[in-house]
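In case you want the letters, here they are:
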Amino acid sequence: MSDIKPKRREVFSVHCNHCRRTTNHRVLKSCIHTGSDDEQGFWWRTAYDMLECCGCNEVVLRRNHHFSEDPDNEITFFPPPASRWLPQWRWSLPVPINSLLAEVYTALQADSLSLAMMGTRAIIETAMVRKVGDHGTFRNNLQAMEVDGHISKGNRKVLEVALDAGSAAAHRAHRPDARQMNTVMDIVENLLHSLFVLERQTKALQKEIPPRPSKAKSLP
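From a predicted model like this one, the values you see are computed outputs, not experimental measurements.

This part covers the packing of helix α2 (residues 113-132) against helix α3 (residues 138-147). Where α2 contacts α3, the two axes come as close as 10 Å, and the packing angle between them is 50°. Between α2 and α3, the crossing angle belongs to the class labelled oblique. In this structure, α2 crosses over α3, and the sense of that crossing is left-handed. When α2 is examined against α3, the residues R121, E125, M128, V129, K131 and V132 are found in contact with a partner set consisting of F138, N141, L142, A144 and M145.

In structure tokens:
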């Protein structure tokens, strides 16, 4: 059974992914589904509200499900609230790495943290192969990255931890929490920015810096 209601004027405080903060949202449309099991004495009610941000006009769908045997409502948003966002400099990345990074963020927004963690391992591996070629193993690729000067000894140890976190998600059924996931994402994005963005920007900056004046010849 469903009941579609006309546009209402209620305003709710909801997280806006576009504004990246909690803002007021107006209700554009509402739809309510109800049902019951007379034999068991159960009933349920699910309300769908299409909400529009009063600041940027971004639209989000809210699902509010109430089951008679559960004292707490189950509230879900589509798309879900984002905790971090794709960096603007991602368009400077090689296309395969940019695509992988976008897929990882899609997994993050769906709260699929294990999949996202596996994806970070794929990003690191792809970035290393892009820079130094494939040397057969993660350890050998990291060694080549250090020898070629792309990473320091300290960076190598940090990347080893990030790669192990990805391996744990893929092979040891480890599901990271949000804190662990954000730490690995920081490591991955720091690596990508250093290899593919900052390196090119530094070379461009070097060409734009005026040369030091030559020393004046001493007078006789």
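Before going further, it helps to examine helix α1 (residues 95-109). Under the 1.5 Å per step criterion, the end-to-end length of α1 is 21 Å for 15 residues, consistent within 8% with the ideal 21 Å. Residues of α1 that are buried: I97, N98, L101, V104, Y105, A107 and L108. In this fold, the buried residues of α1 make contact with α2 and α5 (178-208). At the exit of α1 stands D111, carrying a positive phi of roughly 60°.

Before going further, it helps to examine the packing of aromatic side chains. A complete count under the given rule lists one aromatic pair for this structure. Relative to F67, the ring of F42 lies with its centre 5.5 Å away and its plane at 70°, an arrangement referred to as edge-to-face. In this pair, F42 is assigned in strand β4 (residues 42-53) and F67 in strand β5 (residues 59-67), connecting sequence segments 25 residues apart. Here R62 stacks its cationic end above the ring of F12, 4.2 Å away from the centre of that ring.

Below, the discussion takes up the environment of T76. As for its placement among the helices and strands, T76 is situated in strand β6 (residues 74-78). On the basis of relative accessible area, T76 is assigned to the partly exposed category, the value being 24%. Once you skip the residues sitting within four places of it in the chain, T76 turns out to touch L61, R62 and R63.

One can find R84 in the loop between β6 and α1. For R84, the side chain forms a polar contact with the side chain of Y105, separated by 3.3 Å. A polar contact of 3.2 Å, which involves the side chain of R84, links it to the side chain of E189. Excluding residues that lie within four positions of it along the chain, R84 makes contacts with Y105, L108, N182, M185, D186 and E189.

This brings us to the pattern of salt bridges. The full count for this structure, using the stated rule, is ten salt bridges. Residue E160 is joined to R156 by a salt bridge in which the shortest nitrogen-to-oxygen separation is 3.4 Å. Of this pair, E160 and R156 are both found in helix α4 (residues 153-171), four residues apart, which corresponds to roughly one turn of the helix. Overlapping salt bridges, with partners in common, bring together R84, D186 and E189 in one network.

Cut-offs used in this document
- Residues numbered from 1 in each chain as written.
- Predicted model: local features only at pLDDT ≥ 70, side-chain atom pairs only at ≥ 80, totals over all residues.
- Heavy atoms only, no water.
- Axes fitted to C-alpha atoms, helices over the stretch in contact; angles between N-to-C directions.
- Helix = DSSP H or I, 4+ residues; strand = E, 2+ residues; numbered from the N terminus.
- Parallel < 35°, antiparallel > 145°, perpendicular 65-115°, else oblique.
- Left-handed = near helix turned anticlockwise from the far one by under 90°.
- Contact = heavy atoms within 4.5 Å.
- Expected span 1.5 Å × (residues − 1).
- Buried < 20%, exposed > 50% of the residue type's maximum accessible area, 1.4 Å probe, protein only.
- Phe/Tyr/Trp six-rings, centres within 6.5 Å; stacked < 30°, edge-to-face > 60°.
- Lys NZ or Arg CZ within 6 Å of the ring centre and 35° of its normal.
- Polar contact = N/O pair within 3.5 Å; in protein donor to acceptor, adjacent residues only side chain to side chain.
- Salt bridge = Lys/Arg side-chain N within 4 Å of Asp/Glu carboxyl O.

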